[in-house]
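Summary of structural features
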Amino acid sequence: MSTQSTAAPADDTLLAVEGLSVDFETPRGTIHALRDIDLTVPKGKVLGIVGESGCGKSTLAYSLIGLLAENARVASGAIRMGDHDLARLAPSAWRDLRGTRIAMIFQDPMTALNPVTTIGQQMLDIQYRDRIGRNAKRARAIEFLEQVQIPDAASKLAAYPHQLSGGMRQRVCIAMALLTQPDLLIADEPTTALDATLEMQIVALLRDLQRKFGCSVVFVSHHLGTVAELCDDVAVMYAGEVVERGTARALFHDPQHPYTQALLDCDPARIKVATRTLPTIPGTLPDLRQPPAGCAFRARCPRSWGRCERDHPPLYPGAAGQRVRCHLSDPAEDAA
Amino acid sequence: MSLLEVTDLRIRYARQGRVRAALRREPHDFEAVSGVSFRIDAGQTLGLVGESGSGKSTIARTLIGLKKPASGSIRFDGQEISAASRRDWARLRRQMSMMWQDPVGSLSPRLTVGSLVTEPLRIHGMTGDRAEAERLLGLVGLPAEYISRYPHQLSGGQARRVGVARALALDPKLLIADEPTAGLDMSVQGEVLNLLNEVQKRTGVAVLVITHNLNLVRHVTDRMAIMYLGRFVEEGPTDRIFDHSHHPYTAALLSANPEPDPDARGARVTLSGEVPSPVNRPSGCDFHPRCPWSRPECGKTVPDWVPEGDRGHRCMFPL
Ligand SMILES: Nc1ncnc2c1ncn2[C@@H]1O[C@H](COP(=O)(O)OP(=O)(O)OP(=O)(O)O)[C@@H](O)[C@H]1O
Ligand SMILES: Nc1ncnc2c1ncn2[C@@H]1O[C@H](COP(=O)(O)OP(=O)(O)OP(=O)(O)O)[C@@H](O)[C@H]1O
Ligand code: SF4
Ligand SMILES: [Mg+2]
Ligand SMILES: [Mg+2]
């Protein structure tokens, strides 16, 4: 247990990630998957996390709920929620928090579902703390399945996960997370398996839930349209770092970091004329075993110059109130 | 002659809660796909979109022989395959490959990335050595050092690329991709699609892509089919359907595609009402309980397929 609250989070902050670094040990070396992450999740707000595949979004999400892989290690930093430091919480303390104050919807629904148990049994099990009868729990399970628009909800209780379509499995997971009415809901790409009308319904449902129960949501997604629609704040990650964060409006209207700009330019939704060749960001992620000394994006950045190779950029204040990890946003560069 | 010709395909599943259904004398199975017809030419891409649970993955499973159809015809390369024997399938599986919807779940957890990408080759008696594994990984933009990793050590997007490499290993004639880019960031999504497009240009592979990503459908498919409750409600050239959809469900679907801008609130067709189930079909038009334009007639008559030149739809009062 850690209760050293040197910098107690402000009142409207539910959760503050401070200088968090996470490593994975592998036979071929240590992967520095998260490096010096600083983020806050305000109470009752939705924080979106976007960024390249493999940049560490799921690793960050897992560390918020204490489910990091066995070969993972928190190298430094803290995750403050109330008096707790989630980065150093004992397993017994996690059992009390998880499923009551913090819940998660996973990228792959089969992570959360037990393939050999019926949906109904799993939805009863997750309510084990509630002191209501079995029939009442069953009724609540049906009610929440209906909330996520599962047809024939009552009869689906007898189904095993493989008897549902991909999108239905994900909706069952969402219903299970909502059943626990958490303070913090972490959703790792919850809507990628859903059709557009349902995606919009689930997003509306998440927003309703968040308004009704005042819970905060961390929403990881590659779908920029959905992020723009749902999120109050957005953090953009690249190669294990937050490279830009700010309000959704600032990020979508006035992106400052060259990676954010490139990411937005790749969104096929912005390309009005149908094309067979979609834009991409040339190059690949740097080797996370030896993160580059200067800017992590340098090798792929169209605007890099000498300084980017030498100095690691800190988070500078950006034009629209955001924070930007790029030397182009260094006020001293303007002066020079 | 098209490479793939599907006619009036019907597929049934056993019901959940079968015992209870039997006690109530309800039928013990239901139709998940109810009479679907389409064709794909070599070198062409058909996009299959639609409601979650409408039967898209079921069609894919049937096309590659993992699920027997209840009735209907599937002709592949001139040959009827809906009742193909296991021996036929051993040959057919080299010509059709499949990318699955669950990125991590569909990769065997005990195999390394290197053996995973070359497994299709070994199954068909070819050598899948390290050089071949490196070539395949290179094709999908993964560095050679990933050869010794296990699926749980990959990010979702990296697992997806391994799936693409596996599907391309055998140089298939037909590639069926179930949500090939779900979980990929925009840049990698573009890379995967450009890659599929390149392979298609080079080899003339026909592609059936199942996806919820309308932006993807708009940019990379020649034709698209929209499914609702086990049936096609509209099918035709992609650009013309995006220009003007005839079926109300298509219109609702296309208008639900959010813009990447927090201030944009496009005119949206919102659906209400309960999502129907194939076990319990509504009377008349499948879509009428949720259709913003439905009229009394829609609850009574099941609409027929209405062909209109090179496209068609299933609505009595098309938009
Ligand atoms: N258990 C593990 N052991 C070793 N490396 C891992 C492990 N889990 C993840 N990684 C690596 O850490 C990096 C971050 O992975 P993470 O899953 O957080 O990415 P992500 O941003 O969620 O990507 P995606 O958008 O593709 O889901 C990747 O390079 C990945 O290969
Ligand atoms: N093995 C099975 N046994 C019984 N029913 C099944 C089985 N697999 C799928 N179903 C049912 O068949 C219907 C169609 O499922 P399918 O997986 O084809 O949908 P889908 O269109 O791919 O949906 P999604 O977009 O969510 O992946 C659903 O009602 C589903 O519950
Ligand atoms: S610091 Fe330099 S290399 Fe990095 S994003 Fe900015 S301009 Fe590009
Ligand atoms: Mg992830
Ligand atoms: Mg499916």
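As recorded by an unreviewed UniProt entry, chain B carries the name Peptide ABC transporter substrate-binding protein and is attributed to Roseivivax isoporae LMG 25204. In its Subcellular location (unreviewed entry) section, UniProt records this for chain B: "Cell inner membrane".

Quick notes on the confidence of the model for chain A
With 96% of its residues at a pLDDT of at least 70, chain A reaches an overall mean of 88. Residue range residues 1-9 of chain A is modelled with pLDDT below 50. Its contacts to residues more than four positions away, or to other chains, number 11 contacts.

Describing the packing of aromatic side chains
Residue and element names in this part refer to chain A. Under the defined criterion, the tally for this structure stands at nine aromatic pairs over all chains. An angle of 70° between the planes, with centres 5.4 Å apart, marks the rings of Y259 and F297 as edge-to-face. With Y259 in helix 10 (residues 258-265) and F297 in the loop between helix 10 and helix 11 (306-310), this pair connects stretches of sequence that are 38 residues apart. This pair shows no difference in class: Y259 is buried, exactly as F297 is.

Describing the interface of chain A and chain B
Contacts between the two partners involve 66 residues from chain A and, on the opposite side, 65 residues from chain B. A combined buried area of about 5200 Å² lies between chain A and chain B, and 48% of that area is made up of carbon and sulfur atoms. Remark: the boundary between chain A and chain B carries one salt bridge. Notably, a salt bridge pairs B:E145 with A:R289, separated by 3.4 Å at the nearest N-O pair. Our count for the contact surface shared by chain A and chain B stands at seven residue pairs in polar contact (both at pLDDT 80 or more). Those elements giving two or more residues to the side of chain A that touches chain B turn out to be helix 5 (153-156), helix 6 (166-179), helix 7 (196-213), helix 8 (224-230) and helix 9 (248-253) of chain A. Among the residues forming the side of chain A that touches chain B, the class breakdown is 25 nonpolar, 23 polar and 18 charged.

Focus: the sheet that holds strand 5 (residues 84-85) of chain A
Read across the sheet, four strands follow the order 2-1-4-5 (chain A) without closing on themselves; strand pairing throughout is antiparallel. Here the strands that pair on one side only, and so sit at the sheet edges, are strand 2 (29-42) and strand 5 of chain A.

Overview of the site of ligand 1
The full set close to ligand 1 counts 25 residues, and A:S53, A:G54, A:S58, A:T59 and B:G157 are the nearest of them. Neighbouring residues of ligand 1 are not confined to a single chain but are spread across chains A and B. Within the backbone of A:G56, one N or O atom sits 3.0 Å away from an oxygen atom of ligand 1. In this structure, B:Q153 approaches ligand 1 through a main-chain N or O atom, which is 3.3 Å from an oxygen atom. Here ligand 1 loses 95% of its free accessible area of 640 Å² to cover by the protein chains. For the shell around ligand 1, the elements supplying multiple residues, two or more each, are strand 1 (13-26), strand 2 and helix 1 (57-64) of chain A together with helix 6 (156-168) of chain B. Across the shell around ligand 1, the residue classes tally to six nonpolar, 15 polar and four charged.

Some points on the environment of B:I64
On the secondary structure map, B:I64 appears in the loop between helix 2 (56-63) and strand 4 (71-76). B:I64 has contacts with B:W89, B:R93, B:M96, B:M98, B:W100 and B:I176, leaving out every residue within four places of it along the chain.

Quick look at helix 6 of chain A
Within an α-helix, residues lying three or four positions from one another point in the same direction, as the helix has 3.6 residues per turn. Residue and element names in this part refer to chain A. End to end, helix 6 covers 20 Å across 14 residues, agreeing with the expected 20 Å (1.5 Å per residue, within 8%). A large share of helix 6 lies buried, amounting to 14 of its 14 residues. Immediately beyond the C-terminal end of helix 6, within one or two residues, lies Q181, with a positive phi of roughly 45°.

What about helix 4 (residues 113-123) of chain B?
All names here are of chain B. Burial analysis of helix 4 places eight of its 11 residues in the buried class, which makes it a mostly covered element. For helix 4, the set of buried residues is V113, G114, S115, L116, V117, T118, P120 and L121. Positive phi appears at G125, one or two residues downstream of helix 4, with a value of about 70°.

Considering the sheet that holds strand 11 (residues 316-317) of chain A
Strand pairing in a sheet takes place through backbone hydrogen bonds and is either antiparallel or parallel in direction. Residue and element names in this part refer to chain A. Strand order in the open sheet formed by eight strands is 6-7-8-3-9-10-12-11, and the pairing between neighbours is mixed. Each edge of the open sheet is held by one strand with a lone partner, namely strand 6 (102-105) and strand 11. In the sheet, strand 9 (residues 233-238) pairs with strand 10 (residues 241-247) via six bridges, with the strands oriented antiparallel. Bridge pairing links D233 to T247 in strand 10. Here helix 1 sits on the sheet and contacts strand 3 (46-51), strand 6, strand 7 (184-188), strand 8 (216-220) and strand 9; the angle it forms with strand 3, its principal contact strand, is near 145°.

So, the site of ligand 3
If you check the shell around ligand 3, you find A:H257, A:P258, A:C295, A:R298, A:C301, A:R303, A:S304, A:W305, A:C308, A:C326, A:H327 and A:L328 and nothing else. Class assignment for the residues of the shell around ligand 3 results in seven nonpolar, three polar and two charged.

A word on the nonpolar core
Counting residues in hydrophobic clusters, the biggest one holds 122 residues, and the most contacted among them are A:L15, A:L20, A:I37, A:L39, A:L86, A:L185 and A:F219. Of the residues forming this core, the biggest block, nine residues, is contributed by helix 6 of chain A. Residues within four places of A:I37 in sequence aside, it is in contact with A:V17, A:E18, A:G19, A:L20, A:L60, A:M237, A:G240, A:E241 and A:V242. Counting residues in hydrophobic clusters, the runner-up holds 37 residues, among them B:V117, B:L142, B:A165 and B:L175.

Side note on the pattern of salt bridges
All names here are of chain B. Under the defined criterion, the tally for this structure stands at 28 salt bridges over all chains. Its salt-bridge partner being D8, residue R10 comes within 3.7 Å of it at the nearest N-O pair. Among the residues examined, R10 registers a relative accessible area of 26% and is labelled partly exposed. Salt-bridge contacts for E31 lead to R12; the nearest nitrogen and oxygen are separated by 3.5 Å. Taken together, the positions of E31 in strand 2 (residues 29-40) and R12 in strand 1 (residues 4-14) put the pair 19 residues apart, joining distant regions of the chain. One network of salt bridges, in which partners are shared, links D8, R10, R12, D29 and E31.

A look at the pairing of strand 8 of chain A
All names here are of chain A. Burial within strand 8 is extensive, with five of its five residues counted as buried. Relative to strand 8, strand 3 runs parallel, the two being bridged by four bridges. Counted as the bridge partner of V46 is V217 from strand 8. Sheet analysis places strand 7 next to strand 8, joined by five bridges and oriented parallel. Directly across from L184, in strand 8, lies its bridge partner S216.

Comments concerning the packing of helix 4 (residues 134-147) of chain A against helix 6 of chain A
Residues and elements named next belong to chain A. Where helix 4 contacts helix 6, the two axes come as close as 9 Å, and the packing angle between them is 125°. Judged by the inter-axis angle, helix 4 sits oblique to helix 6. You can see that helix 4 and helix 6 cross each other, and the crossing is right-handed. Between helix 4 and helix 6, the residues in contact are R140, F144 and L145 and V172, A175, L178 and L179, respectively. When its residues are assigned to classes, the contact of helix 4 with helix 6 shows six nonpolar, no polar and one charged.

What counts and what doesn't
Residues numbered from 1 in each chain as written. Chains lettered and ligands numbered in written order. Predicted model: local features only at pLDDT ≥ 70, side-chain atom pairs only at ≥ 80, totals over all residues. Heavy atoms only, no water. UniProt positions renumbered as here; feature names shortened; annotations may be inferred. pLDDT = per-residue confidence, 0-100. Contact = heavy atoms within 4.5 Å. Phe/Tyr/Trp six-rings, centres within 6.5 Å; stacked < 30°, edge-to-face > 60°. Helix = DSSP H or I, 4+ residues; strand = E, 2+ residues; numbered from the N terminus. Buried < 20%, exposed > 50% of the residue type's maximum accessible area, 1.4 Å probe, protein only. Buried area = accessible area lost by both parts, 1.4 Å probe. Salt bridge = Lys/Arg side-chain N within 4 Å of Asp/Glu carboxyl O. Polar contact = N/O pair within 3.5 Å; in protein donor to acceptor, adjacent residues only side chain to side chain. Nonpolar A, V, L, I, M, F, W, Y, C, P; charged D, E, K, R; others polar. Pairing = 2+ DSSP bridges. Near = heavy atom within 4 Å. Areas by Shrake-Rupley, 256 points an atom, 1.4 Å probe, with all protein chains shown as cover. Expected span 1.5 Å × (residues − 1). Axes fitted to C-alpha atoms, helices over the stretch in contact; angles between N-to-C directions. Core = buried A, V, L, I, M, F, W, Y, C linked by side-chain atoms within 4.5 Å. Parallel < 35°, antiparallel > 145°, perpendicular 65-115°, else oblique. Left-handed = near helix turned anticlockwise from the far one by under 90°.

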